[in-house]
Amino acid sequence: RKEVEQDPGPFNVPEGATVAFNCTYSNSASQSFFWYRQDCRKEPKLLMSVYSSGNEDGRFTAQLNRASQYISLLIRDSKLSDSATYLCVVNSNSGYALNFGKGTSLLVTP
Amino acid sequence: DVKVTQSSRYLVKRTGEKVFLECVQDMDHENMFWYRQDPGLGLRLIYFSYDVKMKEKGDIPEGYSVSREKKERFSLILESASTNQTSMYLCASSPLTVYGYTFGSGTRLTVV
């Protein structure tokens, strides 16, 4: 089983739509969880950390389900500028390094 | 903001050459990392360092080595470049894993 698994998409949604991405991870001892955003031919950038109680940052909401080893990202009122690849990230067994999912591609259309 | 600077944006090297990729961070972070990113394979960890002169192998260390002589600088070395090392190389730094990483803008290496 891969460390971090995501649906690659692509997700094509109209502006204003709500879209949700899911991710599963294999290491039940993981403690750190993130969503990163990567634009085409650019480096990944931290979008938000994911906390056990769930957390929100503007139009973005992240949820963590430790029992199911499942992380989600909800984007409300999608903007054209949200078009990117979204990477689910979980800390590795070493504790220092992070394991990245292969990403979910989102295209928001007018 | 933390800045992670990679010395080259694009690099073309010949098979068999020794290649140095440099990464410098300006926020006194303990941890530094080298990943490569390939289509369909995602980001894969090559090496990381949690202190000066300390290094640990990641998932794909074969054909690579690293050097961390100063806290702010972490170098990736391709001992004898091969065409299968053509990739995007990303350096990152972090004070602690719980804060996530900051990435450099990447070096797109082509080995011909």
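Whatever comes next refers back to the structure up there.
The text that follows walks through the structure, step by step, so that each part is easy to find. Small disclaimer: the values here were computed from a predicted structure and weren't measured.

Turning our eyes to something else, we now look at the nonpolar core. Core analysis: the biggest nonpolar cluster contains 23 residues, and Phe21, Trp35, Ile71, Leu73, Ile75, Tyr86 and Leu106 of chain A have the highest contact counts within it. Aside from chain neighbours lying at most four places away, what touches isoleucine 75 of chain A is Ala17, Thr18, Val19, Phe21, Arg59, Phe60, Asp82, Tyr86 and Leu106 of chain A. Grouped together as the second largest cluster of nonpolar side chains are 20 residues, Val19, Tyr89, Cys91 and Leu109 of chain B included.

What follows deals with the interface of chain A and chain B. Residue-level contacts link 18 residues of chain A with 23 residues of chain B. Overall, the association of chain A and chain B removes approximately 1,700 Å² of surface from exposure, summing both partners, and the carbon and sulfur fraction of that is 56%. For the interface between chain A and chain B, the tally reads 0 salt bridges. One can count 7 residue pairs in polar contact (both at pLDDT 80 or more) joining chain A with chain B.

This part takes up unusual backbone geometry. Cis peptide bonds are those with omega within 30 degrees of zero, and the linkage from glycine 9 of chain A to proline 10 of chain A qualifies with 5°. Along the chain, proline 10 of chain A turns up in the loop between β1 (4-6) and β2 (11-14). Phi is positive for arginine 41 of chain A, close to 60°, though the residue is something other than glycine. Relative to the helices and strands, arginine 41 of chain A resides in the loop between β4 (33-38) and β5 (45-49). Within the chain, aspartate 28 of chain B stands out as a residue other than glycine whose phi angle is a positive 60°. The exposure class assigned to aspartate 28 of chain B is exposed, which follows from its relative accessible area of 54%.

Calculation rules
Residues numbered from 1 in each chain as written. Chains lettered and ligands numbered in written order. Predicted model: local features only at pLDDT ≥ 70, side-chain atom pairs only at ≥ 80, totals over all residues. Heavy atoms only, no water. Core = buried A, V, L, I, M, F, W, Y, C linked by side-chain atoms within 4.5 Å. Buried < 20%, exposed > 50% of the residue type's maximum accessible area, 1.4 Å probe, protein only. Contact = heavy atoms within 4.5 Å. Buried area = accessible area lost by both parts, 1.4 Å probe. Salt bridge = Lys/Arg side-chain N within 4 Å of Asp/Glu carboxyl O. Polar contact = N/O pair within 3.5 Å; in protein donor to acceptor, adjacent residues only side chain to side chain. Helix = DSSP H or I, 4+ residues; strand = E, 2+ residues; numbered from the N terminus.

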